[in-house]
Amino acid sequence: MKDVGIIAVGGYEEVGRNMTAIRVGKDIVVMDMGVRLDRIQIHEETEIEKMHSLDLIQMGAIPDDKIMNNVDGNVIGIVCSHGHLDHIGAVPKLAHRYKCPVIGTPFTAELIKQEIESERKFDVANKVNALPCGQIMELSRNISIELIRVQHSIIDCAFVAVHTPNGVILYACDFKIDRTPVVGEVPDFKRLKQIGKEGVLAMITESTNVTRSGKTPSEKVARDLVWDALLGTEETESGVLVTTFSSHIARLKSIIDAAEKMNRIPVLLGNSMERYYGTALKMGYVKKPDNLRIFGYRKSIVKEVKRIMDDGKEKYLPIITGHQGEPGAILGRIASGEVDYKLESGDKIIFSANVIPNQLNMANRYSLETKLKMKGARIYDNVHVSGHAYKEDHWELLRMVKPEHVIPAHGTLEMHSAYAEMAEDTGYEFGQTVHILRNGQELSL
């Protein structure tokens, strides 16, 4: 048996900048390296590609991994659970400090490569390995990695099972238990139950939505909500705009499918729309309708918007960035009149996204909605379901995996406390088998 340590590097006091290190003897595997988006947004002109990691650590935008200098061992792998920036965004800033590969599912690996390519400050030479779900990769005598398929608000998301001489350590951050997904397959419950039987020493799991009762509605429900908002209106001559998460491939597919039923041409506008959906198309996760148009560069977006206005707004369904009121995103530029899309009284704006609950986002979104309403737009709010597990999903996962120890991650202290209470309901004991960590702490098992 080896001594095992769980090191909370980032994401244990906030939502974002996720990073956890798992030490088995002298071998260390790192889970995720993410950014905290609201900290970057505060500095509107931030071009993160050109910034030094120490400045970003100072801002609280990426994990402070200097604590890894005090951990006795050698990092042999960095594994990313999925492609959201709060899980991969710091790879270009930190990975070069560790002489090891970066591992993720094929879609995640492709996004990591793109992040590394756009990096301007550091030379990141780490090999990026795509590991499909269900395969096992041996990193050392002590550690093998297996990715287990789950569902979330981005495709190709996985739990990471770290196989050790002491049993499995399961990294289960960002998931929902979705039995009717729109893209991809249902979570691999069979494998989760199997490792539960074989013995899970510890599970590290998100606590983001554990305060919400019940279970998270399926993405199929979100598809119905989107279709209801888009197709369930008689007055179809007006302009209609939809905004959602660029990385939410399943949601974008539902909106594009609705455009066909509305006899409108779907147009994806925005740099991140082009990047994520373009990558999903290229890799075959979704098929491209003949009339789908995608524009990522500013000049081409301006030109396309002018074309939409010339042809008639009622012929198009623009799907755009800016649902959080982010500075510089397309919807904000439309609201401020920087782009030629003329909003008129009765035009519909569908927010197929929730407001990410921090003060900056709420302020940005309030400002955006006010500008849109002043132009006479009709707002359809929160046409959305979450990608994160609610309380009963967490309960179900705990019963399925039966870990000896459980550590809530990816959340605030309040969220972790709510998770600990829920875990106590299933028989865990606070401080003995359910543990709350702060950034910079190590738990020895």
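See the structure above.
Residues numbered from 1 in each chain as written. Predicted model: local features only at pLDDT ≥ 70, side-chain atom pairs only at ≥ 80, totals over all residues. Heavy atoms only, no water.

Would you take a moment to explain helix H6 (residues 189-198) for this structure?
A turn of α-helix holds 3.6 residues, and therefore any two residues three or four places apart point the same way. If you check which residues of H6 are buried, you get Phe-189, Arg-191, Leu-192, Ile-195 and Gly-196. Seen end-on, H6 carries its buried residues on one side only, within an arc spanning 165 degrees. Exposed residues lying more than 90 degrees from the buried face of H6 are Lys-190, Lys-197 and Glu-198. Contact partners of the buried residues in H6: strand E8 (144-150), strand E9 (157-164), strand E10 (167-172), strand E11 (200-206) and helix H13 (391-401). (Buried < 20%, exposed > 50% of the residue type's maximum accessible area, 1.4 Å probe, protein only. Helix = DSSP H or I, 4+ residues; strand = E, 2+ residues; numbered from the N terminus. Arc of directions from axis to C-beta. Contact = heavy atoms within 4.5 Å.)

Just checking my understanding: could you explain the sheet that holds strand E3 (residues 27-31) for this structure?
Sheet strands pair via backbone hydrogen bonds, and the direction of the pair is either parallel or antiparallel. Judged by pairing direction, the sheet is mixed, and its 7 strands sit side by side in the order E6-E5-E4-E3-E2-E1-E19 without closing on themselves. Each edge of the open sheet carries a strand with a single partner, namely strand E6 (128-130) and strand E19 (442-444). Here the average twist between neighbouring strands, direction ignored, is 25 degrees. As paired elements, strand E2 (residues 19-24) and E3 share 5 bridges and run antiparallel to each other. Bridge assignment links Ala-21 to a residue of E3, and that residue is Val-30. Contacts from helix H5 (residues 106-117) reach strand E5 (102-104) and E6 within the one sheet, and its direction differs from that of E6 by about 160 degrees. (Pairing = 2+ DSSP bridges. Axes fitted to C-alpha atoms, helices over the stretch in contact; angles between N-to-C directions.)

Would you mind showing me how to read the pairing of E3 here?
Looking down a regular strand, the side chains alternate between one sheet face and the other. With 5 of its 5 residues buried, E3 lies for the most part within the structure. What you see with E3 is no split at all: Asp-27, Val-29 and Met-31 on one side and Ile-28 and Val-30 on the other are buried throughout. By the bridge criterion, 5 bridges tie E3 to strand E4 (residues 74-79) in an arrangement that is parallel. Within the sheet, the bridge partner assigned to Val-29 lies in E4 and is Gly-77.

Quick question: what am I supposed to make of a negative patch on the surface here?
Among the surface-exposed residues, Glu-421, Glu-424, Asp-425 and Glu-429 lie close enough to one another that they form a single negatively charged patch. Topologically, Glu-424 is positioned in helix H14 (residues 413-425). Of the residues examined, Glu-424 reaches a relative accessible area of 39% and is grouped as partly exposed. (Patch = residues over 30% accessible without salt bridge, like charges linked within 9 Å, V, L, I, M, F, W, Y side chains within 5 Å. Areas by Shrake-Rupley, 256 points an atom, 1.4 Å probe, with all protein chains shown as cover. Salt bridge = Lys/Arg side-chain N within 4 Å of Asp/Glu carboxyl O. Lys, Arg positive; Asp, Glu negative; His and termini not counted. Charge placed at Lys NZ, Arg CZ, Asp CG, Glu CD.)

Any chance you could explain the side chain of Asp-174 here in plain terms?
Checked against the element boundaries, Asp-174 lands in the loop between E10 and H6. Within the structure, the side chain of Asp-174 is placed 3.3 Å from the side chain of His-152, a separation counted as a polar contact. Leave out the neighbours within four places in its chain, and Asp-174 touches His-82, His-87, Val-150, His-152, Cys-157, Glu-206, His-388 and His-410. (Polar contact = N/O pair within 3.5 Å; in protein donor to acceptor, adjacent residues only side chain to side chain.)

I tried to follow a positive patch on the surface on my own but got confused; where do I start?
Residues Lys-193, Lys-197, Arg-399 and Lys-402 make up a contiguous surface patch of positive charge. Assignment of secondary structure puts Lys-402 in the loop between H13 and strand E18 (405-409).

Before we go on, may I ask you to explain the sheet that holds E18 in this structure?
Pairing is mixed across the open sheet formed by 6 strands, whose spatial order is E7-E8-E9-E10-E11-E18. The outermost strands of the open sheet, each flanked by one partner alone, are strand E7 (136-138) and E18. Neighbour-to-neighbour, the strand axes of this sheet turn through a mean angle of 20 degrees, independent of strand direction. Relative to E18, E11 is paired through 5 bridges, and the arrangement is parallel. Residue pairing in the sheet places Ile-204 in a bridge with Ile-407 of E18. Most of the contacts of H6 go to E8, to which it runs at about 135 degrees, and overall it touches E8, E9, E10 and E11. The strands touched by H14 within the sheet are E11 and E18, with E18 carrying the most contacts at an inclination of about 155 degrees.

Is there a simple way to think about the pairing of E11 in this case?
Extensive coverage of E11 is indicated by the burial of 7 of its 7 residues. Bridge analysis of E10 against E11 gives 5 bridges, and the strand direction is parallel. Residue pairing in the sheet places Leu-170 in a bridge with Met-203 of E11. Handedness of the crossover joining E10 and E11 through H6: right-handed. (Right-handed = clockwise from strand over helix to strand, strands pointing away.)

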